[in-house]
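# Examining the three-dimensional arrangement
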Amino acid sequence: METRWAYVARSLMQRISEGAYRVGTTLPKELELAEELGVSRSTIRAALRSLQDAGMISRKRNAGTRVEAARPTNGPESFHQTLATIEDVAQYGVETKRVVRDIVEEAVDPELALRLGCSPGRTWVRVTSLRVSRTKSALPICWTDVYIDAEIGRAVKSRVRRYQGLIASLVEEDCGRRTAEIRQSIRATRVSALVAQAINVEAGMPVLEIERRYLDSKAKVYLMSRSYHPADRFHYESRLLRQNSSVG
């Protein structure tokens, strides 16, 4: 028997595919949809979450629910992410679940030290975890290594296993270290046999590496994450706006 939220999701998908809600427009508010369809707001939220997982809509705080595609763009095991602000990155931590595998202190090598802006051999706290979807199967979305400045890392590591938001958000809550900027790089790479097995991909197959360096108000890196995503389980999207009309 079809659940109520699944019925609502199917109805909204049909409206979008038929053009009642066009790509690029904003859906009515949750309360309006609930009243129109005769269901609760929680049912509407569950239905919209399903559409978001399918890549058909994006949801942003204070910006509403935007139609992104007329048909589902994501497979049943994929994860869709739209980023435009630091708050969007934090929302990713809310929408997924962290499964911590290891928390250790280690001296960073020269290559990693260069990315962190510190001297080789300096100690950082490394948190290794898997990210899985809260609403889909348990197949991992990615493997993530998070490196935290040792002084801060020692202050928060006792809470990391229970905290489900981004570690940067935990650092801000417990230590007052606020992210002023995130510098991100994306590339295709290959991972070790250990990582390949953990994220359920064939050894030697390319994966998507997303590196994010979190800078404080003094432009100092205090945290860095490196995530490895199977190509068929992650869809990344960003929005670029023109700021200067004279740019060709």
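Structural data are supplied above this passage.
Below you will find a few notes about this structure. (Residues numbered from 1 in each chain as written. Predicted model: local features only at pLDDT ≥ 70, side-chain atom pairs only at ≥ 80, totals over all residues. Heavy atoms only, no water.)

### Concerning the pattern of salt bridges
Test applied: One speaks of a salt bridge when a side-chain nitrogen belonging to Lys or Arg is within 4 Å of a carboxyl oxygen belonging to Asp or Glu. Here a strand is any run of E in DSSP of at least two residues, a helix any run of H or I of at least four, and the numbering for each starts at the N terminus. Partly exposed residues are those whose accessible area sits between 20% and 50% of the maximum for their type, while under 20% is buried and over 50% is exposed, using a 1.4 Å probe and protein chains only.
The final tally for this structure, using the stated rule, is 17 salt bridges. Arg 226 is paired through a salt bridge with Glu 111; the nearest N and O atoms lie 3.0 Å apart. You can see Arg 226 sitting in strand β9 (residues 221-229) and its partner Glu 111 sitting in helix α5 (residues 110-116), a full 115 residues away along the chain. By relative accessible area, which is 12% here, Arg 226 ends up buried. Among the salt bridges present, the one from Arg 178 reaches Glu 172, with a minimum N-O distance of 3.3 Å. With a relative accessible area of 56%, Arg 178 lands in the exposed category.

### Remarks on the sheet that holds strand β5 (residues 123-133)
We apply this condition: Between any two strands, at least two bridges found by DSSP are needed for them to pair. Only the stretch in contact is used when a helix axis is fitted, and all axes are lines through C-alpha atoms; the angle between N-to-C directions ranges over 0 to 180 degrees. We call two residues in contact when some of their heavy atoms are within 4.5 Å.
Ordered by their spatial adjacency, six strands build an open sheet running β4-β5-β6-β9-β8-β7, and the pairing between neighbours is antiparallel. In this open sheet, the two edge strands, each paired with only one partner strand, are β4 (96-107) and β7 (181-189). When the angles between neighbouring strand axes are averaged without regard to direction, this sheet yields 15°. Helix α6 (residues 150-160) rests against β4, β5, β6 (140-149) and β9 of the sheet, and its axis sits at about 135° to β6. Together, β4, β5, β6, β8 (207-215) and β9 form the strand contacts of helix α7 (residues 167-175), whose direction differs from that of β9 by roughly 155°.

### Considerations on helix α1 (residues 4-17)
To be explicit about the condition: For a helix, the expected span equals 1.5 Å multiplied by the residue count minus one.
Its 14 residues give α1 an end-to-end C-alpha distance of 20 Å, which sits within 8% of 20 Å, the value for a rise of 1.5 Å per residue. Looking at α1, one finds that the buried residues are Ala 6, Val 8, Ala 9, Ser 11, Leu 12 and Ile 16. Elements that come into contact with the buried residues of α1 comprise α2 (30-37), α3 (41-53), β1 (57-60) and β2 (64-67). Taken from the residues just after α1, Gly 19 is the one with a positive phi, measuring 95°.

### A word on the environment of Val 67
You can see Val 67 is positioned in strand β2. Assessed through its relative accessible area of 0%, Val 67 is described here as buried. Sequence-wise, Val 67 and Val 23 are 44 residues apart; in three dimensions their C-alpha atoms are separated by 4.8 Å. For Val 67, the contacting residues outside a window of four places in its chain are Ile 16, Tyr 21, Arg 22, Val 23, Gly 24, Thr 25, Leu 27, Met 56 and Ile 57.

### With respect to unusual backbone geometry
Not every positive phi belongs to a glycine, and Asn 200 is a case in point at roughly 65°. Tracing the backbone through its elements, the reader meets Asn 200 in the loop between α8 (193-198) and β8. A relative accessible area of 48% means that Asn 200 is categorised as partly exposed.

### Some details on the packing of α6 against α7
Our working rule: Note on terminology: angles under 35 degrees are roughly parallel, angles over 145 are roughly antiparallel, angles of 65 to 115 are roughly perpendicular, and the others are oblique. By definition, turning the near helix anticlockwise from the far helix through less than a right angle yields a left-handed crossing, and turning it clockwise yields a right-handed one. When residues are sorted by character, Ala, Val, Leu, Ile, Met, Phe, Trp, Tyr, Cys and Pro go into the nonpolar class, Asp, Glu, Lys and Arg into the charged class, and all the rest, Gly among them, into the polar class.
The contact between α6 and α7 brings their axes to 10 Å, and the two run at 110°. Between α6 and α7, the crossing angle belongs to the class labelled roughly perpendicular. Of the two possible hands of crossing, α6 and α7 adopt the one that is right-handed. Of α7, the residues touching α6 (which contributes Ile 152, Ala 155, Val 156, Arg 159 and Val 160) are Ile 167, Leu 170, Val 171, Glu 173, Asp 174 and Cys 175. Split by residue class, the contact of α6 with α7 holds eight nonpolar, no polar and three charged.

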